[in-house]
Amino acid sequence: MSVSFSFKYYQPRNLEIIDTTLREGSQSSLLHDHYKYFFSTADKIEIVRALILYGVKFIELFAPNVSPQEATDWSAIREARDELVVKCGYTFLLAHVRCHPADVDAAIKAGADGLNMYMGTSDESRTYSHGQGLSEITRRSTKLIEDIRKDYPDLVLRFSGEDAFRTREEDLFSVYDAIAPLVSRLGTPDTVGVATPSAVARRIQALRERYPSVNLEGHFHDDRGFALYNTLEAVRAGARYIQTTLLGIGERSGITSMTALLFNLFVDKQYDFLDGYQLRASYPVNVLMADKLRKLVPSKEPVSLTNRTHAAGVHQKAMINSASTYEANPLDQFGVTESEILLGPLSGWNVIHYFLKEICGFDIDETQAKSIAAAFKKQVYNIPFGASPSALLIEIAASEYGLKPINVPEQFRGAIAQNLTDTSKTAEIGEVTHASGVILRSKR
Ligand code: HCA
Ligand code: CU
């Protein structure tokens, strides 16, 4: 028997993430770029479990009538959710539905806790998508919502005017005035990524003033690279519900990344919005998602190992002294617990000296290190694809310079200064991004 819980007994937090990785994220071209095309049932269950354990309480899925597979996956996902209820509390599964009885009926039959209804309100949507005018949109959707409400008073209902940021404010109001009393949330999606932070702040403010008893939801596309900033503005202006995906994947350049949003709120000391989220699991969740896409955690993702990886010689030298020089943000609290130093043509003699002496145990002085660094910088450009720069460095040190290891007694060999460890030979599952070049990894 399936578990259920009425939304009226749920006390929403100051910030409720609505994760839409399995809906908006499934529309990402990345799935195609990586020959993946869709998330398997097993992928979906793993992602849903990870989100629930992370503290997400609202997960958006496609309407079950999108495909037979989506319909079957609804029950598999519900089961996965039910298994975690005792440990994590209830998570609401929301169906993304057109204002169409076929979608609504299928979602209710599949056991959805709520319906995220949408209908385009901009000139573009009205002309080229569904072809209906503002009064027809209002009439149809209010009738549909009233009918649903009669039979299913507990369903969580949301309405979004799709393409809201290309919809004139008075047009949006004309539709929302009728719908607001019937729903628990109003969305305001920036469907095509045209919004600026100031436009978002103004829009959320205007909606708040006009509909003070309805919660607002943000959904921002990243076409201009503004999704994260727009989302922060929306939260600041009072949008309590925000749609995100893991790694920000979604249609075109995607939407807001869940961990990027929470990380920025943390950095800005907005702790009131972070209640109940397992922030330390942020990086592992990003790695899980990257793994599902068969790619690395993207370099532009704030919660990434890339943000704790150092390639330039000047930086590496300072990093050996203190990680704070080039790492200002508390990424360790978001699960990026290590930093990396890459060996390559940009590395300076300092790090080369450190690596050969402390990690490899060579008897080497600074003058030799400078000379070996010069030789290394010349030769490293010629290493074959896939070969390790550290192997070349060790080869130069041992063969060309005849360096010998210091005879360190066995019991002291593992005791390395500053907790830096040799990673040139070992690879750790899930987090290797720069495997062949990583020479030092430090924990903080
Ligand atoms: C879509 C468009 C959508 C819907 C958002 C919403 C958008 O792919 O159906 O339901 O609020 O960006 O407008 O993702
Ligand atoms: Cu979208």
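Throughout, a residue's number is its position along its own chain's written sequence, starting from 1. The lettering of chains begins at A and the numbering of ligands begins at 1, in the order of writing. Only residues with pLDDT of at least 70 get local features here, since the model is predicted, and only at 80 or more are side-chain atom pairs given and counted; chain-wide, interface and lining totals rely on the full set of residues. In computing side-chain properties, one takes all heavy atoms of the structure into account and sets aside hydrogens as well as water.

**Some details on the pattern of salt bridges**
Piece 1. A pair is scored as a salt bridge if a Lys or Arg side-chain nitrogen falls within 4 Å of a carboxyl oxygen belonging to Asp or Glu. The tally for this structure, following the rule as stated, stands at 30 salt bridges.
Piece 2. When the shortest N-O distance is used, the salt bridge between D147 and K150 registers 3.4 Å. Here K150 and D147 lie together in helix α7 (residues 134-151), a separation of three residues that amounts to about one turn.
Piece 3. Each residue is placed in one exposure class: buried if its accessible area under a 1.4 Å probe, protein chains only, is under 20% of its type's maximum, exposed if it is over 50%, and partly exposed if it falls in between. Its relative accessible area of 30% is what places D147 among the partly exposed residues. Only runs of H or I of at least four residues qualify as helices and only runs of E of at least two qualify as strands under DSSP, and these elements are numbered from the N terminus.

**Side note on the coordination of the copper ion (ligand 2)**
Angles between donor atoms at a metal ideally measure 109.5 degrees for a four-coordinate tetrahedral arrangement and either 90 or 180 degrees for a six-coordinate octahedral one.
Piece 1. For the copper ion (ligand 2), the full set of protein donor atoms is E24 (OE), H219 (NE2) and H221 (NE2), and the range of their distances to it is 2.0 to 2.1 Å.
Piece 2. Positions of the donor residues of the copper ion (ligand 2) along the chain correspond to the pattern E-x194-H-x1-H. Here H221 lies in the loop between β7 (215-220) and α10 (227-237) and E24 lies in the loop between β1 (16-19) and α1 (30-33), a separation of 197 residues in the sequence. Taken as a pair, E24 and H221 share a single burial class, namely buried. Coordinating N, O and S atoms are those within 2.8 Å of the metal (3.2 Å for Na, K and Ca), and as water is not part of the atoms, a site may appear to have fewer donors than expected.

**Re the packing of aromatic side chains**
Piece 1. In this analysis, rings of Phe, Tyr and Trp, with Trp reduced to its six-membered ring, are considered paired at centre separations within 6.5 Å, and the interplanar angle assigns stacked below 30 degrees, edge-to-face beyond 60, and tilted for intermediate values. Taken as a whole and assessed by the stated rule, the structure comprises 19 aromatic pairs.
Piece 2. Summarising the aromatic geometry, the rings of F173 and Y211 are spaced 6.2 Å apart at their centres and angled 75 degrees between planes, so their arrangement reads as edge-to-face. On the criterion of sequence distance, the pair formed by F173 in helix α8 (residues 169-179) and Y211 in the loop between α9 (197-210) and β7 is long-range, its members being 38 residues apart. The same class applies to F173 and to Y211, which are both buried.
Piece 3. Taken together, F5, F7, Y9, Y10, F58, Y90, F92 and Y241 form an aromatic cluster joined through their ring pairs.
Piece 4. Counting as a charge over the ring demands two things of the Lys NZ or Arg CZ atom: a distance within 6 Å of the ring centre and an angle within 35 degrees of the ring normal. Here R13 stacks its cationic end above the ring of Y277, 4.3 Å away from the centre of that ring.

**Re the domain arrangement of the protein chain**
Piece 1. On domain assignment, one finds that the protein chain holds domain 1 (7-292) and domain 2 (305-443).
Piece 2. Residue ranges for the domains originate in an automatic or database domain assignment. Just the C-alpha atoms count here: the centres of domain 1 and domain 2 sit 44 Å apart.
Piece 3. Across the boundary between the two partners, domain 1 contributes ten residues, which contact eleven residues of domain 2.
Piece 4. Between domain 1 and domain 2 the total buried area reaches about 990 Å² when both faces are included, carbon and sulfur atoms providing 69% of it.
Piece 5. Summed over both partners, the accessible area lost on bringing two parts together, with a 1.4 Å probe, is the buried area. Of all residues in domain 1, F263, R280 and Y283 bury the most surface against domain 2, accounting for 61% of the area lost on that side.
Piece 6. The interface formed by domain 1 and domain 2 holds zero salt bridges in total.
Piece 7. Here a polar contact is taken to be a pair of N or O atoms separated by no more than 3.5 Å, where protein atoms must pair a possible hydrogen donor with a possible acceptor and residues adjacent in sequence count only if both atoms sit in side chains. For the pair domain 1 and domain 2, the number of links is two residue pairs in polar contact (both at pLDDT 80 or more).
Piece 8. Counting only elements with at least two residues in the side of domain 1 that touches domain 2, the list comes to α11 (258-267) and α12 (282-293).
Piece 9. All amino acids are sorted into three groups, where Ala, Val, Leu, Ile, Met, Phe, Trp, Tyr, Cys and Pro are nonpolar, Asp, Glu, Lys and Arg are charged, and the leftover types, Gly among them, are polar. Residues belonging to the side of domain 1 that touches domain 2 are distributed by class as follows: eight nonpolar, one polar and one charged. In this analysis, two residues are considered to be in contact whenever any of their non-hydrogen atoms come within 4.5 Å of each other.

**Comments concerning the site of ligand 1**
Piece 1. Definition of nearness: a residue and a molecule or strand are near each other if at least one heavy atom of the residue lies within 4 Å of the molecule or strand. Taken together, R23, E24, Q27, H96, Y118, R158, S160, E162, P189, T191, H219 and H221 make up the full set of residues near ligand 1.
Piece 2. Between ligand 1 and Q27 there is a distance of 3.0 Å, counted from an oxygen atom to a side-chain nitrogen or oxygen.
Piece 3. Between ligand 1 and H221 there is a distance of 3.0 Å, counted from an oxygen atom to a side-chain nitrogen or oxygen.
Piece 4. In short, Shrake-Rupley with a 1.4 Å probe defines the accessible areas, and a residue's cover is counted only from the protein chains shown. Contact with the protein chains removes 92% of the 360 Å² of surface that ligand 1 exposes when unbound.
Piece 5. Among the elements that make up the shell around ligand 1, the one with the highest residue count is strand β5 (residues 156-162) (three residues).
Piece 6. Of the residues in the shell around ligand 1, the class split is two nonpolar, six polar and four charged.

**Concerning α8**
Each full turn of the α-helix corresponds to 3.6 residues, which orients residues three or four apart in the same direction.
Piece 1. For α8, the complete set of buried residues consists of D171, L172, F173, V175, Y176 and I179.
Piece 2. Elements that come into contact with the buried residues of α8 comprise α6 (123-129), α7, β5, β6 (185-190) and α9.

**Some words on the sheet that holds β7**
Piece 1. Two strands form a pair only when DSSP identifies at least two bridges running between them. If you trace the eight strands once around the closed barrel, you get β1-β2-β3-β4-β5-β6-β7-β8, paired in parallel fashion. Across the sheet, the axes of successive neighbouring strands diverge by a mean angle of 25 degrees, strand direction being ignored.
Piece 2. Where β6 and β7 come together, six bridges link them in parallel fashion. Residue pairing in the sheet places D190 in a bridge with F220 of β7.
Piece 3. Packed onto the sheet, helix α3 (residues 68-83) meets β2 (58-62) and β3 (92-98) and runs at close to 160 degrees relative to β3.
Piece 4. Across the sheet, α10 is in contact with β6, β7 and β8 (241-244); its angle to β7 comes to roughly 170 degrees. To get an axis, a line is fitted to the C-alpha atoms, and for a helix only the part in contact is used. The angle between two axes follows their N-to-C directions and goes from 0 to 180 degrees.

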